[in-house]
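Architecture and fold: a report
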Amino acid sequence: MSRIAVIADDHGMYRMGLAFTLKDRLGFDDVEEAASLDEALARLGETEGIALALFDLSMPGMQGAASLAAVRECYPALRVAVVSGSDNRADVLAALAAGVNGFVPKGLKDDDLVAALRSIMDGAIYVPASLAYGAGFAGESAPSAGIDLARLTPRQRDVLGLLVEGRSNKEIARALDLGHGTVKIHLAAVFRHLGVSNRAAAAAVAAPLLARG
């Protein structure tokens, strides 16, 4: 089956460059382009085989998190990411809360962009550390500040580590030889500890903490 992506952005030159990258570096067979949210929704409804949808936050019709959440609800299996020039912490967290698979800055160098999109396609949640935890949020405390993963149980840390890798609940249960209900209970405890409400936000907060060991 052909692997197809949708790029929704009202800047034609950027769409063209990103489409080339998706085909040349990431092996997509075709890329559908849209200049507004309505056009993007039409492409999603009309085209079979779409594996990835990339949305700009400032194009016509886009209502931020509400629009992203609606796309996620209609297409739960689709990889959805924001590709934006915004470095606003509220935009990042709102997108994650809406269930996107990543928040990719438009200013990334080509190799970093390819790595980000590949990680999203592999099931990980992508947010660059510079946006989620550092310079992009000058004057604001990082969401991971004050969180101590040592207070989690060893099993909760195992579950969290696999979540950050992009594993589904079913895959986590299989890897750790746990029941699905047990995985959900562990995740609920992890979410409470991290102060988040969904998997994407948990992965974004926990990834740099786990990387520090």
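The structure contained in this document is the topic of the report that follows.

The rules behind each value
- Residues numbered from 1 in each chain as written.
- Predicted model: local features only at pLDDT ≥ 70, side-chain atom pairs only at ≥ 80, totals over all residues.
- Heavy atoms only, no water.
- Helix = DSSP H or I, 4+ residues; strand = E, 2+ residues; numbered from the N terminus.
- Buried < 20%, exposed > 50% of the residue type's maximum accessible area, 1.4 Å probe, protein only.
- Areas by Shrake-Rupley, 256 points an atom, 1.4 Å probe, with all protein chains shown as cover.
- Lys, Arg positive; Asp, Glu negative; His and termini not counted.
- Charge placed at Lys NZ, Arg CZ, Asp CG, Glu CD.
- Pairing = 2+ DSSP bridges.
- Axes fitted to C-alpha atoms, helices over the stretch in contact; angles between N-to-C directions.
- Core = buried A, V, L, I, M, F, W, Y, C linked by side-chain atoms within 4.5 Å.
- Contact = heavy atoms within 4.5 Å.
- Right-handed = clockwise from strand over helix to strand, strands pointing away.
- Parallel < 35°, antiparallel > 145°, perpendicular 65-115°, else oblique.
- Nonpolar A, V, L, I, M, F, W, Y, C, P; charged D, E, K, R; others polar.

1. Points about the overall build of the protein chain
On a plain count of helices and strands, the protein chain comes out with 10 helices and 5 strands. A total of 213 residues make up the protein chain; the buried ones form 47% of that total. When the accessible surface of the protein chain is totalled, it reaches about 10,300 Å², and 50% of it is carbon and sulfur. Between the centroid of the 21 positive side chains of the protein chain and the centroid of its 25 negative side chains there is a distance of 9 Å.

2. Things to note about the sheet that holds strand E1 (residues 4-8)
Across the sheet, 5 strands lie side by side as E2-E1-E3-E4-E5; this open sheet has parallel pairing. Each of the sheet's edge strands pairs with one partner strand only, and the pair in question is strand E2 (30-34) and strand E5 (102-105). Between one strand axis and the next, the sheet turns by 25 degrees as a mean value, whatever way the strands run.

3. Considering the environment of Ala204
Here Ala204 is to be found in helix H10 (residues 199-211). It is 9.0 Å that separates the C-alpha atoms of Ala204 and Gly102, two residues lying 102 residues apart in sequence.

4. Description of the nonpolar core
One recurring pattern in soluble globular proteins: nonpolar side chains tend to sit buried together. Membership of the largest hydrophobic core comes to 27 residues, with the highest contact counts inside it found for Leu44, Phe55, Leu68, Val82, Leu96, Val100 and Phe103. Sorting the residues of this core by element identifies E1, helix H2 (37-46), strand E3 (50-55), helix H3 (65-74), strand E4 (79-84), helix H4 (89-97) and H10 as the ones contributing at least two each. With near-sequence residues (within four places) excluded, Val100 lies in contact with Leu68, Val80, Val82, Ala95, Ile125 and Ala200. Leu160, Val164, Ala173 and Leu194 belong to the second-largest nonpolar core, a separate cluster that totals 23 residues.

5. Observations regarding the pairing of E1
Extensive coverage of E1 is indicated by the burial of 5 of its 5 residues. As judged from the 5 bridges shared by E1 and E2, these two strands associate in the parallel manner. Residue pairing for E2: Ile7 is matched across the bridge by Glu33. In terms of handedness, the path from E1 via helix H1 (residues 12-24) over to E2 forms a crossover that is right-handed. Pairing of E1 with E3 involves 5 bridges; the strand directions are parallel. Looking at E3, one finds that Ile7 is bridged to Leu54.

6. Details of the packing of helix H7 (residues 154-164) against H10
Between H7 and H10, the least distance of the axes is 9 Å, while the angle of their chain directions is 105 degrees. Compared by their axis directions, H7 and H10 come out roughly perpendicular. Here Arg157, Leu160, Gly161, Leu163 and Val164 of H7 come into contact with H10, specifically with Arg199, Ala202, Ala203, Ala206, Ala207 and Leu210. Broken down by class, the residue content of the contact of H7 with H10 amounts to 8 nonpolar, 1 polar and 2 charged.

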